[in-house]
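Observations on the model geometry
Each chain is listed here by its residues.
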Amino acid sequence: MENHRKKAGWGHRSLMLLLMVYLLLPLLATFIYAFAKEWQATILPQSWTLAWFKEMLQDVRYTEALWTSLYLCIISVALSLAVMLPAVFIITVYLPRLERFMKGIVVLPYAVPGVVAAVGLIRAYSSGPIPIAGTAYILIGAYFIIILPYMYQGIRNSLLTVSAVELVHSAEMLGAGRWQAFVTVIVPNIWPGIITSTLLSFSVLFGEFVLTNMLVGGHIQTIQIYLYQRVNESGHLASAIAISYFLFILVLSMILMKLGKKVNKGISG
């Protein structure tokens, strides 16, 4: 019996190891290529350099594109959180009959391809009372729709996990109003789920290219569009941009996670 468990454990570990290698190998190759000066017929580069990162940082378009992507994603995620958090709370606690309708709405981004959505948005907002095609407003609106499933599912799962209905009823029995119960009882308990949904949504938006390129590709340069433009110029430079892009997301996620933990401790205290 113990031998069988050991074999099963080794099998699971081997599978996880293969999966990690499969996922990290392209990233490792990109990382090495970003520092390589000459790499032709050898396993490792023949020489190393930081010239590609220097060229990237000296390009004003890179910092502008990075800042543009950052503030567009922050605005979109904040808007989605401000709308979805109270909406999902009200539906889950007070209007459970509307959950099927809400689920149908939030899965629409999966059902409509990005190309079709972009063409429809351009046709709808290129003229008429709201001519916002090619502007940041249409991109923020599209981003809001893209992350609906992630925001809804993450917040809803957190509410169900903490038994939000029972918590609200208990708070109301103790004299708290609905808004007070939501702010002082529900939000602190689902804060980890909110942070996770926010990080996931931000990562999805920061890597979005097809919809961004079709909606504002000729008017607003985001980091995705900038990377696409530089790929044809130099593979080394494109690798350096991709690695910096990955490290930026990683550092930002770690900062947000630590801030979330501090806020959660402060609320608990």
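As the structure is a prediction and not an experimental result, all values here were calculated from the model. (Residues numbered from 1 in each chain as written. Predicted model: local features only at pLDDT ≥ 70, side-chain atom pairs only at ≥ 80, totals over all residues. Heavy atoms only, no water.)

1. Observations concerning the overall build of the chain
Which entries qualify depends on this criterion: Comment: elements are numbered from the N terminus, with helices defined as DSSP H or I runs of at least four residues and strands as E runs of at least two. Exposed residues in this analysis have more than 50% of their type's maximum accessible area, buried residues have under 20%, and partly exposed residues fall in between, with area computed by a 1.4 Å probe over protein chains only. We call two residues contacting when some pair of their heavy atoms lies within 4.5 Å. For the accessible areas, the method is Shrake-Rupley and the probe is 1.4 Å, while residue cover comes only from the protein chains on display. Counting rule applied: Lys, Arg positive; Asp, Glu negative; His and chain ends not counted. To locate a charge, the coordinates of NZ of Lys, CZ of Arg, CG of Asp or CD of Glu are taken.
Looking only at helices and strands, the chain has 13 helices and two strands in total. Looking at the chain residue by residue over its 269 residues, the buried ones come to 34%. Considering only intrachain contacts with a sequence separation of at least 6, the fraction spanning at least 24 residues in the chain is 72%. Of the accessible surface of the chain, which amounts to about 16400 Å², a share of 68% is contributed by carbon and sulfur atoms. Distance from the positive charge centre (18 side chains) to the negative charge centre (10 side chains) of the chain: 9 Å.

2. A few points about the packing of aromatic side chains
As a reminder, the rule being used: The rule is short: rings of Phe, Tyr and Trp, with Trp giving its six-membered ring, pair when the centres are within 6.5 Å, and they are stacked under 30 degrees, edge-to-face over 60, tilted in between. Criterion for a charge above a ring: Lys NZ or Arg CZ within 6 Å of the ring centre, and within 35 degrees of the ring normal.
Taken as a whole and assessed by the stated rule, the structure comprises eleven aromatic pairs. Relative to F53, the ring of F35 has its centre 4.8 Å away and its plane inclined at 35 degrees; by these criteria the two rings are tilted. You can see F35 sitting in helix α1 (residues 2-35) and its partner F53 sitting in helix α2 (residues 51-58), a full 18 residues away along the chain. By relative accessible area, which is 16% here, F53 ends up buried. An angle of 20 degrees between the planes, with centres 5.5 Å apart, marks the rings of F202 and F206 as stacked. Placement of both F202 and F206 in helix α10 (residues 178-206) is noted, with a separation of four residues, approximately one turn of the helix. With relative accessibility at 7%, the residue F202 sits in the buried group. An aromatic cluster is built from F89, Y94, W179 and F182, whose rings are joined through pairwise contacts. Geometry around Y94 places R178 over its ring, the cationic atom sitting 4.4 Å from the centre.

3. With respect to the domain arrangement of the chain
So the rule is basically this: Residue ranges assigned to the domains are those given by an automatic or database domain assignment. Put simply, buried area is the surface a 1.4 Å probe can reach on two separate parts but cannot reach once they are joined, added for both.
Once the domains are mapped, the chain shows domain 1 (2-48) and domain 2 (59-268). The centre of domain 1, based on its C-alpha atoms, is set 31 Å off from the matching centre of domain 2. Taken together, the contacts link seven residues of domain 1 with seven residues of domain 2. For the pair domain 1 and domain 2, the summed buried area comes to about 630 Å², and 78% of that belongs to carbon and sulfur atoms. Considering only the side of domain 1, the residues that lose the most area to domain 2 are L27, Y33 and A34, jointly responsible for 62% of the buried surface there.

4. A look at the confidence of the model for the chain
Stated formally: Values of pLDDT, the confidence the predictor places in each residue, fall between 0 and 100.
When pLDDT is averaged along the chain, the result is 83, and 93% of the positions lie at 70 or above. At the level of individual helices and strands, the chain shows its lowest average pLDDT in helix α13 (residues 235-268), which scores 75, and its highest in helix α3 (residues 60-93), which scores 91.

5. A short note on the pattern of salt bridges
Where we set the bar: Between Lys or Arg on one side and Asp or Glu on the other, a salt bridge is scored when a side-chain nitrogen of the former is within 4 Å of a carboxyl oxygen of the latter.
Per the stated rule, a full pass over the model turns up five salt bridges. E55 is the salt-bridge partner of R230, the closest N and O atoms lying 3.6 Å from each other. Within this pair, whereas R230 is found in helix α12 (residues 223-231), its partner E55 is found in helix α2, the two being separated by 175 residues in sequence. Looking at R230, the relative accessible area reads 5%, which means it is buried. E55 sits in the partly exposed class, given a relative accessible area of 35%.

6. Structural notes on the packing of helix α8 (residues 148-161) against α10
Filter applied, for reference: Note on definitions: angles span 0 to 180 degrees between N-to-C directions of axes, and those axes are lines fitted to C-alpha atoms, for helices only across the stretch in contact. For classification, angles of less than 35 degrees are called roughly parallel, those exceeding 145 degrees roughly antiparallel, those between 65 and 115 degrees roughly perpendicular, and all remaining angles oblique. Note on convention: near helix rotated counterclockwise from far helix by under a right angle means a left-handed crossing. Clockwise means right-handed. Note on residue categories: nonpolar means Ala, Val, Leu, Ile, Met, Phe, Trp, Tyr, Cys or Pro, charged means Asp, Glu, Lys or Arg, and polar means any other residue, Gly included.
Their axes nearest at 9 Å, the elements α8 and α10 cross at an angle of 160 degrees. By the criterion of interaxial angle, the relationship of α8 to α10 is roughly antiparallel. Between α8 and α10 lies a crossing whose hand is right-handed. On the side of α8, the interface is formed by Y150, M151, G154, I155, S158 and L159, while α10 contributes I186, I190, G193, S197, T198, L200, S201 and V204. Taken together, the residues of the contact of α8 with α10 break down into eight nonpolar, six polar and no charged.

7. Details of the packing of helix α9 (residues 164-173) against α10
One way to put it is that α9 packs onto α10 with a least axis distance of 10 Å and a crossing angle of 135 degrees. As the angle between them shows, α9 and α10 are arranged oblique. Like other packed secondary-structure pairs, α9 and α10 cross with a definite hand, here right-handed. Taken together, the residues of α10 that come into contact with α9 (itself represented by A164, L167, V168, A171 and E172) are R178, A181, V185, I186 and N189. Taken together, the residues that form the contact of α9 with α10 break down as seven nonpolar, one polar and two charged.

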